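# An overview of the molecular structure
For reference, the chains in residue letters:
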There are 2 protein chains.
Amino acid sequence: MATSSSLRINADRLNKTLQSTCTQWGALSEPSTGMCRLTLSQEDKEVRDWLVQECKSLGCGIKVDQIGNIFAVRPGVANDRKPIAMGSHLDTQPAGGRYDGILGVQAALEVLRTLHDNNIQTHCPIALIDWTNEEGARFPGAMMASGVWSTKSSTPLEACWDTLDKEGMRMKQALEEIGYLGDTKCDHRENGLECHFELHIEQGPILEREGKSVGVVTSVQGMKWFAIRVTGVEGHSGTTPMPGRSDALVMASRLIAAVRDTALKTGLGVATVGVIRSDTYSQATIPAGIDFIIDIRCSTDEMVDQLATAIFKAFDAIIAEEKNGTSYSTQRTWGLPESIFHPRCIDAVRASALKAVGKDQIMDMKSRAGHDSAWTSRVCPTSMIFVPSKDGISHNPHEYTSPEHCALGAQILLDSVLYYDERVKNGEY
Amino acid sequence: MATSSSLRINADRLNKTLQSTCTQWGALSEPSTGMCRLTLSQEDKEVRDWLVQECKSLGCGIKVDQIGNIFAVRPGVANDRKPIAMGSHLDTQPAGGRYDGILGVQAALEVLRTLHDNNIQTHCPIALIDWTNEEGARFPGAMMASGVWSTKSSTPLEACWDTLDKEGMRMKQALEEIGYLGDTKCDHRENGLECHFELHIEQGPILEREGKSVGVVTSVQGMKWFAIRVTGVEGHSGTTPMPGRSDALVMASRLIAAVRDTALKTGLGVATVGVIRSDTYSQATIPAGIDFIIDIRCSTDEMVDQLATAIFKAFDAIIAEEKNGTSYSTQRTWGLPESIFHPRCIDAVRASALKAVGKDQIMDMKSRAGHDSAWTSRVCPTSMIFVPSKDGISHNPHEYTSPEHCALGAQILLDSVLYYDERVKNGEY
């Protein structure tokens, strides 16, 4: 039997399991290595069923909560303690990759397998968590289920259940249909965690550019989404003279360009318009209405608000300058406040990284993407481990992280859990 | 029995028939007076069936051609002559009004009713035509069926039959399902016309602004559509720094603004983007691809090409200035060359208008919208009669033309037909 401090995860097993389960459940057509594993879809059900069986075979107890979050708990010595958790998500974007979220869950499984193979008895129970609908790609609302669990999200359980997918199916019905509407309360106060670690790909270019292998994640930047509606006057494209037009799409175009220009000029953070919809389906019609969504992300909540204010000031100036009868309205649709991770978990990750690679391979960083860990950090100590994304690409079939970096991340995840467990056992935490 | 020269259409009957058939077949929900009567839909079938019955009851023979165009022909004395036609369309935009197209067909029916009631024997046969899919709103391709009939369109019959609607139904199947896949050849050389008159609403603000009641239409401006694809690089909205982005939507926005700016600056004509589509459905993704369509219309084909060239030159300058890895490609998708109407038909309309109202109520004008008459004008003498559109609005539920103007247009349509018929009878034409 290995001692805890010399335990090694099985890199080959991790990568084979990750690749084969992706090929089996949700792969896009060859030769793409992309994934479409929308939350609560048939593919998601099948990979969930497989995960539950694997965890059971490792001696874990399984809890499924009211929004489908799976908690696979391996008992420890002190079962009055809450579990030390390793969580991420198995769902993907409609054309996503094999690593975003999936790596975190597969690495957690590899940790459980390693503990099991080596008959390790931990002090605390150890949990693997598959958080439901992290992507928000089928049912709108990213990090939806960890938000409900934390009780800090502005969207409570019932409102999530009522969310509709594109086909008009309620999320609650989707949970029922795949058999993952559980009866465990989705509430950290009734189903709590000692702490939460998450291994994730960076999804950005910084680690690669800096030549580092590991990011010790200290915070998640603040984010807000605004739904914008531009209103003009519909008209026939042939018969309406250019000067008198109230063209909603031309105005929306000027505003979208201003979103980018303002973010660049102020340097406060990033601002993006990804989704746009025109009221008209006719090429021969001047659109009367355009909807688009602005995604704003900055290091602090204050900077998010400053950037939003600067963008809307630019909008007002454009509207005033054009004076063509168009107008716009805004609506806050979603937000994730800035999240500061916990020193205990950050220490665990940093110490474990230092055990695995040289100091020059490691950097502290903030996460520019949202993660379930942003919500868990509000109710229990949390940190994340980042590994490099090739070319910084994510939410795309070309998303790639090398097998070596996947294995390195899984090893650090294992060691972080053991580091934390040791300190609980010693009465330090 | 009235003499031809003193015949009066029945204004009340015309307007009642127009309103009641709109209410019955394709009306949007109250209180809107808008219409959704997509071509070859159930509503279109029912109004076609009604029209065929009405025309039969007036002694007309009915021919349906291979693309569903309905020719209702009232015999004349000289049945070796081809019919003098009154054509327009009964289909509408998804949220259109009660007058665009519909007025022209209903006025033609009122002319047939008036001839019938007064036992008028014309020299030539007189035809009412309902042209299929003028709007191109269900099966892409405006003025589709008159284009096939003229044999001058770049889209031949078989290609039209293969066109798909949003649900993926082939146009030929839609014709079969509603019973309007006829066996008359859709070809003017086999099913020809003496000439073609069309009463239509202006769909623009000019008559109203100039205080006129009738437009004598002398030409239709040239039009071209270009499908534009802007290509960038997909990325995560949170993790991709602003400076290095290849954001296809930001670039598309700059180009769309340039379409308007170039049309305004050059004064060559009108240019509009009505339809836009993003590759991404995710708010958290920088779009890698945006598609949009530019609709360019000018008095002459040469000006259309000049404006297109100016727009693409502006595009190239923007791409070169931004140098951010985005690019664009263009594809010609549809066009209608400039159409010059025939002096004989223009004279008939002008003389008939002068009979009905004072000279100060009449103006010559060009059509800025495309019409079936643009295609018929390529193979037989053609002209159009325009009546005012309230506020210039069309392709919109608020489209409105007063009952008085509708009746005035129908009277001029009747008189134009009789004027032309008289000259054929006298051997002048």
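Chain A appears in an unreviewed UniProt entry as Amidase from Trematosphaeria pertusa.

What follows concerns the overall build of chain A. The number of helices and strands found in chain A is twelve helices and 15 strands. The C-alpha atoms of chain A give a radius of gyration of 23 Å, which matches the 22 Å a tight globule of 429 residues would have. For chain A, the C-alpha atoms occupy an extent of roughly 85 × 45 × 45 Å along the three principal directions. The burial tally for chain A puts 63% of its 429 residues in the buried class. Sequence separation of at least 24 residues holds for 80% of the intrachain contacts in chain A that already meet a minimum separation of 6. In chain A, which carries 43 positive and 54 negative side-chain charges, the distance between the mean positions of the two groups comes to 3 Å.

Moving on: the relation of the copies chain B and chain A. Here two copies of a chain appear, and what relates them is a rotation about an axis with a shift along it. Expressed as a screw operation, the relation of chain B to chain A combines 0.0 Å of axial shift with a rotation of 180°, fitting to an RMSD of 0.0 Å. Here the copies are linked by what is in effect a two-fold axis. Proximity to the rotation axis, assessed at the C-alpha, singles out B:Ser253 in chain B; its C-alpha lies 2.1 Å from the axis. Mapped onto chain A, 98% of the interface residues of chain B again fall at the interface, so both copies present the same surface.

Moving on: the sheet that holds strand 7 (residues 222-231) of chain B. All names here are of chain B. In space, the four strands of this open sheet follow the order 9-11-7-12, with antiparallel pairing throughout. Across the chains shown, the open sheet's two edge strands, defined by having one partner strand only, are strand 9 (269-278) and strand 12 (327-336). Taken pair by pair, the neighbouring strands of this sheet meet at an average axis angle of 20°, ignoring direction. Strand direction decides the pairing type here: strand 7 and strand 11 (residues 289-298), joined by ten bridges, are antiparallel. Bridge assignment links Val230 to a residue of strand 11, and that residue is Ile290.

Residue and element names in this part refer to chain A. Helix length check: helix 9 (residues 301-322) (22 residues) gives 32 Å between terminal C-alpha atoms against 32 Å at 1.5 Å per residue, within 8%. Within helix 9, the full set of buried residues consists of Val304, Leu307, Ala308, Ile311, Phe312, Phe315, Ile318 and Ile319. Mapping the buried residues of helix 9 onto a view down its axis gives an arc of 130°, with all of them on the same face. Residues Glu302, Thr309, Lys313 and Glu321 are exposed on helix 9 and point more than 90 degrees away from its buried face. Each element contacted by the buried residues of helix 9 is listed here: strand 7 (222-231), helix 8 (248-266), strand 9 (269-278), strand 11 (289-298) and strand 12 (327-336). Positive backbone phi, approximately 40°, marks Lys323, located one or two places after helix 9.

It is worth spelling out the interface of chain B and chain A at this point. The interface of chain B with chain A comprises 56 residues on the first partner and 55 residues on the second. Broken down residue by residue, the surface that chain B buries against chain A is led by B:Met242, B:Arg260 and B:Gln283, which jointly contribute 16%. Run the count over chain B and chain A and you get two salt bridges. Ionic pairing is found between B:Arg254 and A:Asp261, a salt bridge with its closest N-O pair at 2.8 Å. The interface formed by chain B and chain A holds 19 residue pairs in polar contact (both at pLDDT 80 or more) in total.

Right, let's talk about the packing of helix 1 (residues 11-24) of chain A against helix 12 (residues 403-425) of chain A for a bit. Residues and elements named next belong to chain A. Close contact between helix 1 and helix 12 brings their axes to 9 Å; oriented N to C, the two are set at 110°. In terms of axis orientation, helix 1 runs roughly perpendicular to helix 12. As for the relative orientation of helix 1 and helix 12, their crossing is right-handed in sense. Counting all contacts with helix 1, which are made through Ala11, Leu14 and Asn15, the residues of helix 12 involved are Pro403, Cys406, Ala407 and Ala410. Its residues assigned to classes, the contact of helix 1 with helix 12 comprises six nonpolar, one polar and no charged.

All names here are of chain A. Strand order in the open sheet formed by four strands is 9-11-7-12, and the pairing between neighbours is antiparallel. At either margin of the open sheet sits one strand with a lone partner, and together these are strand 9 and strand 12. Sheet twist, expressed as the average angle between the axes of neighbouring strands with direction ignored, equals 20°. Sheet analysis places strand 9 next to strand 11, joined by eight bridges and oriented antiparallel. If you follow Arg277 over to strand 11, its bridge partner there is Asp291.

Let us now look at the packing of helix 3 (residues 102-117) of chain A against helix 12 of chain A. All names here are of chain A. Where helix 3 contacts helix 12, the axes come no closer than 9 Å and their chain directions differ by 60°. On the basis of their axis angle, the class for helix 3 and helix 12 is oblique. Judged by the twist between their axes, the crossing of helix 3 over helix 12 is right-handed. Between helix 3, through Leu103, Gly104, Ala107, Ala108, Val111, Thr114 and Leu115, and helix 12, the contact on the second element is made entirely by Cys406, Ala410, Leu413, Leu414 and Leu418. Across the contact of helix 3 with helix 12, the residue classes tally to ten nonpolar, two polar and no charged.

Here the focus is the domain arrangement of chain A. Many analyses report the size of an interface as the accessible area lost when the parts associate. All names here are of chain A. With domains assigned, chain A is organised as domain 1 (4-221 + 339-425) and domain 2 (222-336). The C-alpha-based centres of domain 1 and domain 2 are spaced at 35 Å. Facing the eleven residues of domain 1 at the interface are eight residues of domain 2. Taken together, both faces of the contact between domain 1 and domain 2 bury some 770 Å²; the carbon and sulfur share is 62%. Considering only the side of domain 1, the residues that lose the most area to domain 2 are Ala142, Gln221 and Trp375, jointly responsible for 56% of the buried surface there. Taken together, the connections running from domain 1 to domain 2 amount to zero salt bridges. Counted by class, the side of domain 1 that touches domain 2 contains six nonpolar, three polar and two charged residues.

Another point: the environment of B:Leu109. Residues and elements named next belong to chain B. With respect to the element layout, Leu109 can be found in helix 3 (residues 102-117). Leu109 sits in the buried class, given a relative accessible area of 0%. For Leu109 and Thr262, which are 153 residues apart along the polypeptide, the C-alpha to C-alpha distance reads 44 Å.

What follows covers the pattern of salt bridges. Think of it this way: side chains of opposite charge can pair up when their charged atoms draw near. In total, this model carries 45 salt bridges over all chains according to the counting rule given. Between B:Asp165 and B:Arg138 there is a salt bridge whose closest N-O contact spans 2.9 Å. Of this pair, B:Asp165 sits in the loop between helix 5 (157-161) and helix 6 (171-177) while B:Arg138 sits in the loop between strand 4 (126-130) and helix 4 (144-150), placing them 27 residues apart in sequence. Summarising the burial analysis for this pair, B:Asp165 and B:Arg138 share the class buried. Between B:Asp305 and B:Lys224 there is a salt bridge; the shortest N-O distance is 2.5 Å. Of the two residues, B:Asp305 is situated in helix 9 (residues 301-322) and B:Lys224 in strand 7; the sequence distance between them amounts to 81 residues. When salt bridges with common partners are traced through the structure, they connect A:Arg229, A:Arg277, A:Asp279 and A:Asp291 into a single cluster.

Turning next to helix 8 of chain A. All names here are of chain A. Between its first and last C-alpha atoms helix 8 spans 26 Å; for 19 residues at 1.5 Å apiece the expected length is 27 Å, and the two agree. With 15 of its 19 residues buried, helix 8 lies for the most part within the structure. The opening residue of helix 8 is Asp247, an N-cap whose side-chain oxygen sits 2.9 Å from the backbone nitrogen of Leu249. Where helix 8 ends, the next residue or the one after it, Gly267, has phi of about 65°, a positive value.

Residues and elements named next belong to chain B. Among the structural elements, Ala227 can be located in strand 7. Taking the C-alpha atoms as reference points, Ala227 and Phe139, separated by 88 residues in sequence, lie 17 Å from one another. If sequence neighbours within four positions are ignored, Ala227 has contacts with Phe292, Ile293, Ser329, Thr330, Gln331 and Thr333.

Following the sequence through the fold, A:Asn15 ends up in helix 1. Not counting chain neighbours up to four residues away, the residues in contact with A:Asn15 comprise A:Pro403 and A:Cys406.

Turning next to the environment of B:His398. All names here are of chain B. With respect to the secondary-structure elements, His398 resides in the loop between strand 15 (382-387) and helix 12 (403-425). The exposure class assigned to His398 is exposed, which follows from its relative accessible area of 62%. Each C-alpha atom of the pair His398 and Gly147 lies 29 Å from the other, and the pair is 251 residues apart in sequence.

What counts, and at which threshold
- Residues numbered from 1 in each chain as written.
- Chains lettered and ligands numbered in written order.
- Predicted model: local features only at pLDDT ≥ 70, side-chain atom pairs only at ≥ 80, totals over all residues.
- Heavy atoms only, no water.
- Helix = DSSP H or I, 4+ residues; strand = E, 2+ residues; numbered from the N terminus.
- Rg over C-alpha atoms; globule rule 2.2 N^0.38 Å.
- Buried < 20%, exposed > 50% of the residue type's maximum accessible area, 1.4 Å probe, protein only.
- Contact = heavy atoms within 4.5 Å.
- Lys, Arg positive; Asp, Glu negative; His and termini not counted.
- Charge placed at Lys NZ, Arg CZ, Asp CG, Glu CD.
- Least-squares fit on C-alpha atoms with pLDDT ≥ 70 in both.
- Pairing = 2+ DSSP bridges.
- Axes fitted to C-alpha atoms, helices over the stretch in contact; angles between N-to-C directions.
- Expected span 1.5 Å × (residues − 1).
- Arc of directions from axis to C-beta.
- Buried area = accessible area lost by both parts, 1.4 Å probe.
- Salt bridge = Lys/Arg side-chain N within 4 Å of Asp/Glu carboxyl O.
- Polar contact = N/O pair within 3.5 Å; in protein donor to acceptor, adjacent residues only side chain to side chain.
- Parallel < 35°, antiparallel > 145°, perpendicular 65-115°, else oblique.
- Left-handed = near helix turned anticlockwise from the far one by under 90°.
- Nonpolar A, V, L, I, M, F, W, Y, C, P; charged D, E, K, R; others polar.
- Domains from an automatic or database assignment.

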